[in-house]
Amino acid sequence: SRLITVAAAQLGPIQRADSRKQVIDRMIALLEKAKAQGATFVVFPELALTTFFPRWYHEDRAEADQWFERSMPGPDTQALFDKAKELGLAMSFGYAELTPEGRHFNSSILVDRGGRIVAKYRKIHLPGHVEFDAERTHQHLEKRYFEPGDLGFPVWEFEGGLFGMAICNDRRWPETYRVMGLQGVEMVVLGYNTPSANSQSPNETAADRLFHHRLSVQAGAYQNSTWVVAVGKAGTEDGHHLFGGTLIAAPDGKIVGEIDHEEDGVLVHPCDLDDTRFGKATIFDFIRHRRVEHYGLITER
Ligand code: CDT
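Everything quoted here is computed from the prediction, not taken from an experiment.

(A) View of the overall build of the protein chain. Secondary structure assignment for the protein chain yields eight helices and 14 strands. Since a compact globule built from 301 residues should have a radius of gyration of about 19 Å, the 18 Å found for the protein chain is in line with a globular shape. Each principal axis of the C-alpha distribution contributes one length, and for the protein chain these read about 55 × 45 × 40 Å. Classification of the 301 residues of the protein chain by burial places 43% in the buried group.

(B) Just the UniProt feature "domain: CN hydrolase" (unreviewed entry) in the protein chain, in detail. As annotated in UniProt, the feature "domain: CN hydrolase" (unreviewed entry) corresponds to residues 4–275 in the numbering used here. The distance separating the terminal C-alpha atoms of residues 4–275 is 11 Å; by composition the span is 21% helix and 28% strand.

(C) Molecular detail of the packing of helix α4 (residues 174–181) against helix α5 (residues 206–224). Contact geometry for α4 and α5: axes closest at 9 Å, N-to-C directions at 30°. With respect to α5, the axis of α4 lies roughly parallel. At the point where α4 passes α5, the crossing takes the right-handed sense. Note on element contacts: α5 touches α4 through G220, Q223 and N224, opposite P174, Y177, R178 and G181. Here the residues of the contact of α4 with α5 are counted per class, giving two nonpolar, four polar and one charged.

(D) Summary view of the sheet that holds strand β3 (residues 90–98). Sheet architecture is open: six strands sit in the order β5-β4-β3-β2-β1-β14, paired in mixed fashion. At either end of the open sheet lies a strand with only one pairing partner, and these are β5 (117–122) and β14 (265–272). Averaged over all neighbouring strand pairs, the angle between strand axes comes to 25°, with direction disregarded. Bridge count for strand β1 (residues 3–10) against β14 is eight bridges, and the pairing is antiparallel. Each residue of the ladder has a partner; that of Q10, found in β14, is G265.

(E) Molecular detail of the packing of helix α1 (residues 20–36) against helix α2 (residues 78–87). Two elements in contact, α1 and α2, have axes separated by 10 Å at closest approach and are oriented at 10°. One way to sum up the angle between α1 and α2 is to call them roughly parallel. Judged by residue contacts, I24, M27, I28, L31 and K35 of α1 engage A79, L80, K83, A84 and L87 from α2. Taken together, the residues that form the contact of α1 with α2 break down as eight nonpolar, no polar and two charged.

(F) Seen up close, the site of the ligand. Taken together, E46, P127, G128, H140, C168, N169, R172, Y192, N193 and T194 make up all the residues around the ligand. Taken together, the residues that form the shell around the ligand break down as three nonpolar, five polar and two charged.

(G) Inspection of the pairing of β5 at higher detail. Alignment of strand β4 (residues 104–111) against β5, held across five bridges, turns out to be antiparallel. Looking at β5, one finds that V111 is bridged to I117. Between the antiparallel neighbours β4 and β5 lie five residues, among them G115 with a positive phi of about 80°.

(H) Spatial organisation of the environment of A281. Position of A281 among the secondary structure elements: in helix α6 (residues 277–281). Residue A281 is classed as exposed on the basis of its C-beta count, with 11 C-beta atoms lying within 10 Å.

(I) Up close: the nonpolar core. Among the nonpolar cores identified, the biggest contains 77 residues, and V42, V43 and V229 are the most heavily contacted of them. Setting aside residues up to four positions removed in sequence, V42 forms contacts with A7, A9, L30, L31, A34, L89 and M91.

(J) The arrangement of α5 in detail. Taking 1.5 Å of rise per residue, 19 residues should cover 27 Å, and α5 covers 27 Å from first to last C-alpha, within 8% of that figure. H213, S216, V217, G220, A221, Y222 and N224 are the residues of α5 that are buried. The inward-facing, buried residues of α5 contact α4, β9 (227–232) and β12 (247–249). Among the residues trailing α5, S225 stands out with phi positive, at a value near 45°.

(K) Structural detail: the confidence of the model for the protein chain. Averaged over every residue, the pLDDT of the protein chain is 98; the share at 70 or more is 100%. In the predicted assembly, ipTM is 0.97 and pTM is 0.98.

(L) Seen up close, the sheet that holds strand β8 (residues 187–192). A sheet is described by the order of its strands in space; here six strands give the open sequence β6-β7-β8-β9-β12-β13, paired in mixed fashion. Each edge of the open sheet is held by one strand with a lone partner, namely β6 (155–158) and β13 (255–258). Across the sheet, the mean angle separating the axes of adjacent strands is 20° when strand polarity is ignored. Two elements, β9 and β12, share three bridges in a ladder whose sense is antiparallel. Within the sheet, the bridge partner assigned to V228 lies in β12 and is A249.

The rules behind these values
Numbers given for residues are sequential positions, taken from 1 along each chain in its written order. Residues qualify for local features only when their pLDDT is at least 70, as the model is predicted, and side-chain atom pairs are given and counted only at 80 or more; totals for whole chains, interfaces and linings, by contrast, use all residues. In this description a helix means any DSSP run of H or I spanning at least four residues, a strand means any run of E spanning at least two, and both kinds are numbered starting from the N terminus. A radius of gyration in this sense is built from C-alpha atoms; the matching globule rule multiplies 2.2 Å by the number of residues raised to 0.38. Note on burial: count the other C-beta atoms lying within 10 Å of the residue's C-beta; 20 or more is buried, 12 or fewer is exposed, in between is partly exposed, and C-beta positions come from the backbone. UniProt positions are given in the numbering used here, feature names are shortened, and annotations may be inferred rather than shown by experiment. Only the stretch in contact is used when fitting a helix axis, every axis being a line fitted to C-alpha atoms; angles between N-to-C directions are given from 0 to 180 degrees. For classification, angles of less than 35 degrees are called roughly parallel, those exceeding 145 degrees roughly antiparallel, those between 65 and 115 degrees roughly perpendicular, and all remaining angles oblique. Each helix crossing is assigned a hand: it is left-handed if the near helix lies turned anticlockwise from the far helix by less than a right angle, otherwise right-handed if that turn is clockwise. Contact between two residues is assigned whenever their backbone-derived C-beta positions fall within 7 Å. Three residue categories are used. Nonpolar comprises Ala, Val, Leu, Ile, Met, Phe, Trp, Tyr, Cys and Pro, charged comprises Asp, Glu, Lys and Arg, and polar comprises the others, including Gly. Pairs of strands are assigned from DSSP output, requiring at least two bridges between the strands. Any residue whose C-beta atom, as set from the backbone, lies within 6 Å of a molecule or strand is reported as near that molecule or strand. For this entry, the nonpolar core is defined as buried Ala, Val, Leu, Ile, Met, Phe, Trp, Tyr and Cys residues connected by C-beta atoms within 7 Å. To estimate how far a helix should reach, multiply one less than its number of residues by 1.5 Å. For every residue, the predictor reports its confidence as pLDDT, a number between 0 and 100.

In structure tokens, the structure reads:
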């Protein structure tokens, strides 16, 4: 067996006025909690360091740069890296990345137990819109503040297995998992911020939204025989509710644990990367069973 004890570290709400330092202190407390429960790898949500700022409209885009990190680690995040290293924990978290060239991405990283960044992913499926939309109860301006990721969906050797990353809306797209599945991925880590209300579909309930979340994650896990660790930011941020539902899905698609509250908390589970082998060698042995001659349309449209 190749056991890795993972902590899915859900964050409760982060208000617009909360400082990076306040958030980092909460993340450090979660690292300590995860360590006390035997975890060696801690996964935090998408845009973990701030409120889910794409709900706020800045007419002047430069104003939104306040939500972005210009370096990683940076002055605020260094303490998080130091604590993870001190505790001997690997970790992953999402943040808004502003590159030296002035490019903006919704990014996530893998950090090894020595505090080194060993992998970066930039969100590819950006939901939402570019301009202020008066029809909506809340804005979802990811397409305004970020450009689509330019790094693809690679997998990395990490913690004794093959790891991949995805961010929030990516989990709804089968292509996300399949591209990593074709590279043999054994664990996908995925942070998210998902509003409980769909301002374009008032009849959709929070329960419907959670159903689609679980459906997407479980299907991705099963159809690619991979672990998926899906970690949310939850609760009410300045009057806007994000659902929780932080969960770990096994390579057979079953949920092995799920957080049932909307506060800071960890879900710790021993994941055996060898559990991915059966599915990969049988029903989802891609080399034997895929029929790529019929899939061309997928990359043409
Ligand atoms: N952060 C993120 O990608 N959220 C989206 C909301 C979709 S509604 C515009 C999600 O897919 O969960």
